[in-house]
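Each chain, written out:
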Amino acid sequence: MRKILFLSWLAFIVFHSCNKVTKKENLTNEVVNTKITPVVVGTWNFPKAIEAAAEVIKNGGSALDAVEKGCRAEEANIENQTVGIGGLPDRDGSVTLDACVMNEKGDYGAVVGVKNIKHVISLARKVMEDTPHAILAGKGAEQFAITNGFQQEDLLTEASKKAWEEWKVKSEYKPIINIENHDTIGMLALDAEGNISGACTTSGLAYKMAGRIGDSPIIGAGLYVDNEVGGAVATGLGEEVLKTVGSFLIVELMRQGKSPQEACEEAIKRIVSKPNSNYKDFQVCYIAINKKGEVGSYAIHEWFSYNVFKNEEIKNIKSDFYLKTK
Ligand code: GLY
């Protein structure tokens, strides 16, 4: 009788172990069989940035590395007067940069009001990864950069100095709609592992008051990522994005079931429907991505476009916009 009981117990154990192995194998297969198509999206038509980010993603790199590389390409682009070296200065003639990153774990790092350091996106990442803090400002951020071997250089190029000197003649401080094909660069990526990260870097408003910080380095405003849902990033007049916490709003709307396109449209509607909004005089644009790799965008005015890398192809797409009648 004891022998029978022992053999039954043994048979029970063997049966359940085999069953567990089979389930585990099925699980592994499910993960292996779900092939994710990586996607990178970036504000405006910055070819160098999207190419650099695409290169990382194509080679199996992480979404975080991709958006950092993409933003770095633009920070180093001397011809771009809204990001990194060559950015237009504040009203006193100082170029000050703002940037932030978010990774798939929901970590966030930012730097604001940084002078003489071009690659503020990498500095923001360093704040996120190597300090117990989320934001470093001004001199403290610069000191942190120097300690970590970042190169110091004069960011005011001849072209930007000339533009500032021309502006000084009238010194009109009036943020206008950006109908040019460039502004802040914000990037979002979904990598082959299915992880989403985002980055945003800017020299801010041209001829801003010294000390002014816009939306770009502020979590939930210029950028927000939740790896369960998706990410969003903004460009345009930062004050309006800050006041509506636009990127966080978009991600939360996607969490509630809206598509990236619907969520971007709703975030723009929040701005234009505010009482006494003078939205005809400024531009705000959003791009967003969800976990399926679907992308959306919306702007107040015409002329906003964004770059997408997907299926080995880079495309520049003209965004839909709110103000159809002028
Ligand atoms: N969106 C950039 C800024 O307002 O600073």
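Residues numbered from 1 in each chain as written. Predicted model: local features only at pLDDT ≥ 70, side-chain atom pairs only at ≥ 80, totals over all residues. Heavy atoms only, no water.

Asker: Can you lay out the environment of Phe304 for me, pointing to particular residues and giving the numbers?
Answerer: Looking at the secondary structure, you find Phe304 in the loop between strand S10 (295-299) and strand S11 (305-310). Spatially, the C-alpha atom of Phe304 lies 9.0 Å from that of Gln283, the residues being 21 residues apart in sequence. Excluding residues that lie within four positions of it along the chain, Phe304 makes contacts with Thr43, Trp44, Thr235, Gln283, Cys285, Tyr286, Ile287, Ser297, Ala299, Ile317, Lys318 and Ser319. (Helix = DSSP H or I, 4+ residues; strand = E, 2+ residues; numbered from the N terminus. Contact = heavy atoms within 4.5 Å.)

Asker: For the environment of Ser160, give the residues involved together with the corresponding values.
Answerer: Positionally, Ser160 belongs in helix H6 (residues 158-170). What makes Ser160 buried here is its relative accessible area of 0%. Considering only alpha carbons, one finds Ser160 and Gly93, 67 residues apart in sequence, at a separation of 9.3 Å. When neighbours within four sequence positions are excluded, Ser160 is seen to be in contact with Gln81, Gly86, Gly87, Leu88 and Pro89. (Buried < 20%, exposed > 50% of the residue type's maximum accessible area, 1.4 Å probe, protein only.)

Asker: I'd love a proper account of the side chain of Arg212, names of residues and values included.
Answerer: Checked against the element boundaries, Arg212 lands in the loop between strand S6 (196-202) and strand S7 (223-226). Assessed through its relative accessible area of 13%, Arg212 is described here as buried. In this structure the side chain of Arg212 is engaged in a polar contact, spanning 2.7 Å, whose partner is the side chain of Glu239. When near neighbours in sequence (up to four residues on either side) are disregarded, Arg212 contacts Gly204, Leu205, Gly238 and Glu239. (Polar contact = N/O pair within 3.5 Å; in protein donor to acceptor, adjacent residues only side chain to side chain.)

Asker: I'd love a proper account of helix H8 (residues 246-255), names of residues and values included.
Answerer: Across the ten residues that make up H8, a large majority, eight, are buried. Residues Gly246, Ser247, Leu249, Ile250, Val251, Glu252, Leu253 and Met254 constitute the buried set of H8. Buried residues belonging to H8 abut S7, strand S8 (230-236), helix H7 (238-244), helix H9 (260-272) and strand S9 (284-290). One or two residues past the end of H8 sits Gly257, with phi positive at roughly 115 degrees.

Asker: I'd like a description of the site of the ligand, backed by residues and values.
Answerer: In the vicinity of the ligand, the residues found are Thr184, Gly204, Leu205, Arg212, Gly214, Asp215, Ser216, Gly236 and Gly238. The backbone of Gly236 places a nitrogen or oxygen atom 2.7 Å from a nitrogen atom of the ligand. A total of 200 Å² of accessible area belongs to the ligand in isolation, and the protein chains cover 98% of it. Residues of the shell around the ligand, tallied by class, amount to one nonpolar, six polar and two charged. (Near = heavy atom within 4 Å. Areas by Shrake-Rupley, 256 points an atom, 1.4 Å probe, with all protein chains shown as cover. Nonpolar A, V, L, I, M, F, W, Y, C, P; charged D, E, K, R; others polar.)

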